[in-house]
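Close look at the chain arrangement
Residue strings, one per chain:
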Amino acid sequence: MADLPPPVQGPTAKEKKYDRQLRLWGATGQLALENSHILLINNGPGVVGIETLKNLVLPGIGQFTIQDSVVVTEADLGVNFFLEDQHLGGFRAEHTSNLLKELNPDVKGHFITEPIESWLVRPDALRPYTLIIATAPVRPELLAKLSDHASAALLPLFYVHSVGFYSHFSVHLPSAFPIVDTHPGSETTADLRLLKPWPELLQFAEEKTANLKSMSPDDHGHVPYLVLLLHYLEEWKKTHNGEVPQSYKEKTEFRTTVSQGARTNNPEGGEENFDEAVAAVLKSLNPPQASSSVKEIFTAPECLLIREDSPTFWVIANAIGLFYTKYGVLPVPGSVPDMKARSKDYIQLQNVYKSKARKDLAEVLESVRFLERNANRSTPIEEKDVEAFCKNAAHIKLVRGRPFHVVQAGQKVKWGDRARSLAQELTFPDSLIPLYIVFLAWDEFTATHDKDALGGTAQAPGETDADTDAEKLTGIAQTIMDGLIKEAGTHVEDPEYSTIKTQIGEFAQEFARAGAAELHNIAALTGGIVSQEIIKAITEQYVPVDNTCVFDGVKSKSAVFKV
Amino acid sequence: MSIEAQNPVSGTTASPRARWKYLDNILTRSGPFTDPDAFMPGETVIESLSRAKVLLSGAGGLGCEILKNLALSGFKDIHVIDMDTIDVSNLNRQFLFRQADVGSYKAEVAARFVEKRVKGVKITPYCGKIQDKDEAYYMQFAMIVCGLDSIEARRWINATLVGMVDENDPDSLKPLVDGGTEGFKGQARVILPTMTSCIECQLDMHAPRAAVPLCTLATIPRQPQHCIEWAHIIAWEEERKEITLDNDDPEHITWLFQKALKRAQEFNIEGVTYSMTQGVVKNIIPAIASTNAIVAASCCNEAFKIATNTNPFLGYPETANYMMYTGDDSVYTYTFEHQKKDDCPVCGAGNIARPLPVNPNITLQEFIDGLAERPEAQLKKPSIRTGEKSLYMQMAGLEEQTRPNLEKKLSDLVEDGEEILLTDKSFPTQFKYKLVYQK
Ligand SMILES: [Zn+2]
């Protein structure tokens, strides 16, 4: 071992424990989790919120706080895993918090047992928290207060239902929620600029294919496929007025030309590098245009006017927008997929892409500095942030967070600019919009029914009389459905209309059957999805749900839509 | 029907069902989708649920979740099998384990924990391999739920359950509920052995990652992973042959890392890290608590519906049997019916041979090496024979006799279109393929 470099520092204890997740969101994502403080406002049977927290305590959020004023009953023990017999009669917030803390000594847990009505009106009650989860039922006026806070403090608010076999959540994200690190799938094609090569790349391809015809078999079989494509594109242009293949027909014709270049007088009867080139023609020969969602970012008001206090994202977006206006392409990301090639050729090719990426980055960085000076910004944006943006420019995403529905007793549900699209989706076979409508109706029912005359605890449909409540719930849901159709300014004819009515009636019956019950499996599944969304919101990585998701545990199906 | 079961609001008294108040709403009331012939609300279903004996295979990331969920779904008699011991990297998701449990058997610790937390449930652990157990053992269960990370173990249990089905004995048909995850993605599926598409029918949905050709590793590495694989497969053999490589030994990983790093520097390749070395050598699949929670809960939701008929379940013949989940780009599920395949080597009805396109010019050795990677086969150590003769046998004695065939061309051993039979000691079944020569 004398020839080996000196021993390395192995992974730290923390890196070992979190190894399997660090491979997904990295050290920056982990740091964001560790800086978070999540508030759970726990209501109803209180399982889905606790299951959500479980999946966040394990990967190591900083802190959590549970607000819950009820005491532990027998019924809790049959559905909540984070309570034990000895906790009967004690505060649910306290004991669930303690058992959750056991899962990870790195996480701090707190609890509040004061009733929400008095606690929430205290000034600064919500100040310590970076994200809020509220589980249904929540009094409409309190939910509205949370929603206002989310809008003002620019923090994510999740509202979650888990009732019998069904669940729902909506998320209210800040009105501008940008994501740079969207983790595009490996199936996404790399941006290789084959149709818009820069001089150094062309020159490299030319050198490597100078004597293609007379190359030794081994050399010929190791010309990187990117170089082959660039070579044949130049040949093609010579006979096509300098144009590259554009239509599907031209591309298939071009593909044939490439495949005819392969040598077949060998034991394998072909060449792997040519196979790779042929396979890449249809997906790689596309003009490197930015997607419409990326172009929308460049024209967003926040992007057009950079101020002293503009978030970093918009400053970089503005600079990249300038680059795009100037060249008609985004900065080169700089990565090259693996391909059949000799080590040296591949590394050289990689360097051609890397140095172009560095050059583009330098230009973007210059614009960033210019913008900073113009806007009198005091702290310069870190170069690594600009670099990350340039690398992923084609896949950046902007989510326009917005408030979700807060059903107020006796008031119509407003659908606004979403009415038309949702009314249309309502009529699709197997649409789950009817399920969402019944969740809204469920909220209206609980807002207008109390367990006792004192107006203390909300009563869910089916807690005592399933049949009567199913009918009431159906009635409320149908009114909401008719309201949606009316607001969309459309008509739904029979048989579609009757079909949707029947669906709503069936969902309502199944809700009433459950009473207020949570089923542990549905709570656990929903807690899984919500915690995944919370991780996305905190780490600002991956693409979040925008903004509502429902799950149907009878059919094992989900749907996502924007409300 | 007992009073407690009828009255779901009796939570304040200490009645024996008070704890199950929420579950009993579902168990005592019919719903719009329940099948009146199958669902017996009240005492009947409560009784049958508490008697149903369920086997959980796997006590890792999915297994911990499944065990908790089954116990809180009202199952009272659960058995759990797992051969592994607890590692520190399990603690970010396997929530039944603590730092102090590192090194203990997963099945044992998980069973004790859930038994203590959920009163009235009996959990029987077995710390060993599923292959240790025979048909008589599997016959005692109403259902098998799998939370495994190995495709081989799934295929073994699938083939065993298909083989157990006796048409004259309805009790011999054991529903198999299976979950799997990778990063933000996963799937849950239900199999009724011999009746619906089985794990083997669905094998090509879980294609193995293609291995990097040996010549790339040996002569023209381009990626940091190539350098690590070189250290792992070639350098270790050359320099430390006398030591058995232990993926969990930090000294061994460090050695491989340093070897790989040095090779990468020689070729100007960037990006070799300790963590990447570990990932490549151990074939680490990223895993998080939330995805496990989703897939495990979906499996248990189906298991609960199968056991109780409280609602229609996935896997009922001619309905959806597979739910695919993707969570990295918004949330997307795809629930569909995967069709049973007539040429399935395990559950295929007519014993039709599955066609396998091959190049007739490769040697038998190359053919065997390729089988491990082919999505429709995925066999690592097969023995091969045709109707007439043995081509290659893994068994000692026979191996020597058939070894010379390894160097021969396929076309010298088998006719185009001829059927071959493969057996692999990992599977209690034989696989029938038809070789189709590619021009
Ligand atoms: Zn099958």
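Each value, and the rule that gives it
Residues numbered from 1 in each chain as written. Chains lettered and ligands numbered in written order. Predicted model: local features only at pLDDT ≥ 70, side-chain atom pairs only at ≥ 80, totals over all residues. Heavy atoms only, no water. Helix = DSSP H or I, 4+ residues; strand = E, 2+ residues; numbered from the N terminus. Buried < 20%, exposed > 50% of the residue type's maximum accessible area, 1.4 Å probe, protein only. Contact = heavy atoms within 4.5 Å. Areas by Shrake-Rupley, 256 points an atom, 1.4 Å probe, with all protein chains shown as cover. Lys, Arg positive; Asp, Glu negative; His and termini not counted. Charge placed at Lys NZ, Arg CZ, Asp CG, Glu CD. Domains from an automatic or database assignment. Buried area = accessible area lost by both parts, 1.4 Å probe. Salt bridge = Lys/Arg side-chain N within 4 Å of Asp/Glu carboxyl O. Polar contact = N/O pair within 3.5 Å; in protein donor to acceptor, adjacent residues only side chain to side chain. Core = buried A, V, L, I, M, F, W, Y, C linked by side-chain atoms within 4.5 Å. Donors = N, O, S within 2.8 Å, 3.2 Å for Na, K, Ca; no water. Tetrahedral: all angles 85-135°; square planar, octahedral: opposite > 155°, others 65-115°. Phe/Tyr/Trp six-rings, centres within 6.5 Å; stacked < 30°, edge-to-face > 60°. Lys NZ or Arg CZ within 6 Å of the ring centre and 35° of its normal. Pairing = 2+ DSSP bridges. Axes fitted to C-alpha atoms, helices over the stretch in contact; angles between N-to-C directions.

Quick look at the overall build of chain A now. Tallying secondary structure elements over chain A gives 22 helices and 10 strands in all. Reported as C-alpha extents along the three principal axes, the dimensions of chain A are approximately 95 × 70 × 55 Å. Per-residue burial for chain A yields a buried fraction of 56% across its 563 residues. Across chain A, contacts joining residues at least 24 apart in sequence account for 71% of those joining residues at least 6 apart. Carbon and sulfur atoms make up 51% of the accessible area of chain A, which totals about 23800 Å². Within chain A, the 74 negative side-chain charges are centred at a point lying 6 Å from the centre of the 55 positive side-chain charges.

The next point concerns the domain arrangement of chain B. Looking at chain B, the domain boundaries give domain 1 (18–207 + 287–336), domain 2 (214–281) and domain 3 (354–422 + 430–437). Placing the centre of domain 1 of chain B and that of domain 2 of chain B at their C-alpha centroids yields a distance of 38 Å.

One frequently used descriptor of interface size is the decrease in accessible area upon assembly of the parts. Residues and elements named next belong to chain A. Each assigned domain of chain A is listed here: domain 1 (13–176 + 521–561), domain 2 (177–187 + 288–399), domain 3 (192–284) and domain 4 (416–515). In this structure, domain 2 and domain 3 have C-alpha centres spaced 29 Å apart. Facing the 20 residues of domain 2 at the interface are 21 residues of domain 3. In total, domain 2 and domain 3 occlude about 1900 Å² of area from one another, counting both sides; carbon and sulfur atoms represent 64% of this. By the criterion of area lost to domain 3, the three top residues of domain 2 are Lys 340, Arg 342 and Tyr 353, representing 36% of everything that side buries. The tally of links from domain 2 across to domain 3 stands at 4 salt bridges. Notably, a salt bridge pairs Asp 219 with Arg 342, separated by 3.0 Å at the nearest N-O pair. On inspection of domain 2 and its partner domain 3, the count reaches 7 residue pairs in polar contact (both at pLDDT 80 or more). Ranked by the residues each element gives to the side of domain 2 that touches domain 3, the list is headed by helix H16 (residues 343–374), at 6 residues.

In this structure, Trp 119, Trp 415, Ile 437 and Phe 511 of chain A together with Leu 96 of chain B are the most contacted members of the largest nonpolar core, which totals 172 residues. The next biggest cluster of nonpolar side chains, apart from the first, holds 57 residues, and it includes Trp 236, Ala 262, Val 281 and Ala 341 of chain A.

Residues and elements named next belong to chain B. Within the protein, Cys 198 (SG), Cys 201 (SG), Cys 344 (SG) and Cys 347 (SG) serve as the donor atoms for the zinc ion, at 2.2 to 2.3 Å. Every donor counted, the 4 donor atoms about the zinc ion form angles of 101 to 121° at the centre, which fits tetrahedral coordination. Read in sequence order, the donor residues coordinating the zinc ion give the pattern C-x2-C-x142-C-x2-C. Here Cys 347 lies in the loop between strand E8 (332–336) and strand E9 (354–358) and Cys 201 lies in the loop between strand E6 (185–191) and helix H8 (214–219), a separation of 146 residues in the sequence. Using a relative accessible area of 1% as the deciding quantity, one classes Cys 201 as buried. Relative accessible area serves as the criterion here: at 7%, Cys 347 is assigned to the buried category.

Glancing now at the packing of aromatic side chains. On inspection of all chains with the given rule, the structure shows 26 aromatic pairs over all chains. Aromatic pair Phe 158 of chain A and Phe 169 of chain A: ring centres 6.4 Å apart, planes at 40°, arrangement tilted. Of the two residues, Phe 158 of chain A is situated in strand E5 (residues 157–163) and Phe 169 of chain A in strand E6 (residues 166–172); the sequence distance between them amounts to 11 residues. Neither residue differs from the other here; Phe 158 of chain A and Phe 169 of chain A are each classed as buried. Ring centres of Tyr 137 of chain B and Phe 141 of chain B lie 5.3 Å apart, and the angle between their planes is 75°; this geometry places the pair in the edge-to-face category. Taken individually, Tyr 137 of chain B and Phe 141 of chain B each receive the classification buried, so the pair is uniform in this respect. Here the aromatic residues Phe 81 and Phe 82 of chain A together with Phe 95 and Phe 113 of chain B are joined through ring pairs into a cluster of three or more. Over the ring of Phe 95 of chain B we find Lys 54 of chain A, and its NZ or CZ is 5.1 Å from the ring centre.

In this section: the pattern of salt bridges. Here the structure, examined in full by the defined rule, presents 55 salt bridges over all chains. One salt bridge connects Asp 76 of chain A with Arg 92 of chain A, and the closest N-O pair in it is separated by 3.1 Å. With a gap of 16 residues between them, Asp 76 of chain A in helix H4 (residues 74–77) and Arg 92 of chain A in helix H5 (residues 92–101) connect regions that are remote in the sequence. For the pair formed by Asp 76 of chain A and Arg 92 of chain A, the shared burial category is buried. A salt bridge links Arg 354 of chain B to Asp 343 of chain B; its shortest N-O distance comes to 3.6 Å. Highlighted residues: Arg 354 of chain B in strand E9 and Asp 343 of chain B in the loop between E8 and E9, separated in sequence by 11 residues. Assessed through its relative accessible area of 6%, Arg 354 of chain B is described here as buried. What makes Asp 343 of chain B buried here is its relative accessible area of 18%.

Our focus in this paragraph is the interface of chain A and chain B. Residue-level contacts link 89 residues of chain A with 91 residues of chain B. Of the roughly 7600 Å² buried at the junction of chain A and chain B (both faces included), carbon and sulfur atoms supply 58%. Three residues stand out in chain A for area buried against chain B, namely Arg 20, Phe 81 and Arg 513 of chain A, and they jointly supply 12% of the buried area on that side. For the interface between chain A and chain B, the tally reads 8 salt bridges. Between the two partners, chain A and chain B, sit 40 residue pairs in polar contact (both at pLDDT 80 or more).

In any sheet, the strands associate via hydrogen bonds between backbone groups, in a parallel or an antiparallel arrangement. Residue and element names in this part refer to chain B. The strand order across the open sheet built from 8 strands is E3-E2-E1-E4-E5-E6-E7-E8, with neighbouring strands paired in mixed fashion. Edge positions in the sheet fall to strand E3 (122–126) and E8, since each of these pairs with one other strand and no more. The sheet shows a mean angle of 15° between the axes of neighbouring strands, taken without regard to direction. Across 5 bridges, the pairing between strand E2 (residues 77–81) and E3 is parallel. Counted as the bridge partner of Asp 77 is Lys 122 from E3. Its contacts with the sheet put helix H7 (residues 151–164) on strand E1 (53–57), strand E4 (143–147), strand E5 (176–182) and E6, and the angle it makes with E5 is roughly 165°.

All names here are of chain A. For Tyr 129, the location among the structural elements is in the loop between helix H6 (116–120) and strand E4 (131–135). C-alpha separation for the pair Tyr 129 and His 405, spaced 276 residues apart in sequence, amounts to 22 Å. Ignoring any residue separated from it by four or fewer positions in sequence, one finds Tyr 129 in contact with His 37, Leu 39, Thr 65, Ile 112, Trp 119 and Leu 155.

Turning next to the pairing of strand E13 (residues 430–437) of chain B. The two faces of the sheet receive side chains in turn, since in a regular strand these alternate between them. Residue and element names in this part refer to chain B. The two faces of E13 differ: Phe 431, Tyr 433, Leu 435 and Tyr 437 on one face are buried, but Gln 430, Lys 432, Lys 434 and Val 436 on the other face are not. Sheet topology note: the E9/E13 ladder contains 5 bridges and is parallel. Opposite Leu 356, over in E13, you have Leu 435 as the bridge partner. Across 5 bridges, the pairing between strand E12 (residues 419–424) and E13 is antiparallel. Bridge pairing links Thr 423 to Gln 430 in E13. What sits between E12 and E13 in their antiparallel hairpin is a turn of 5 residues.

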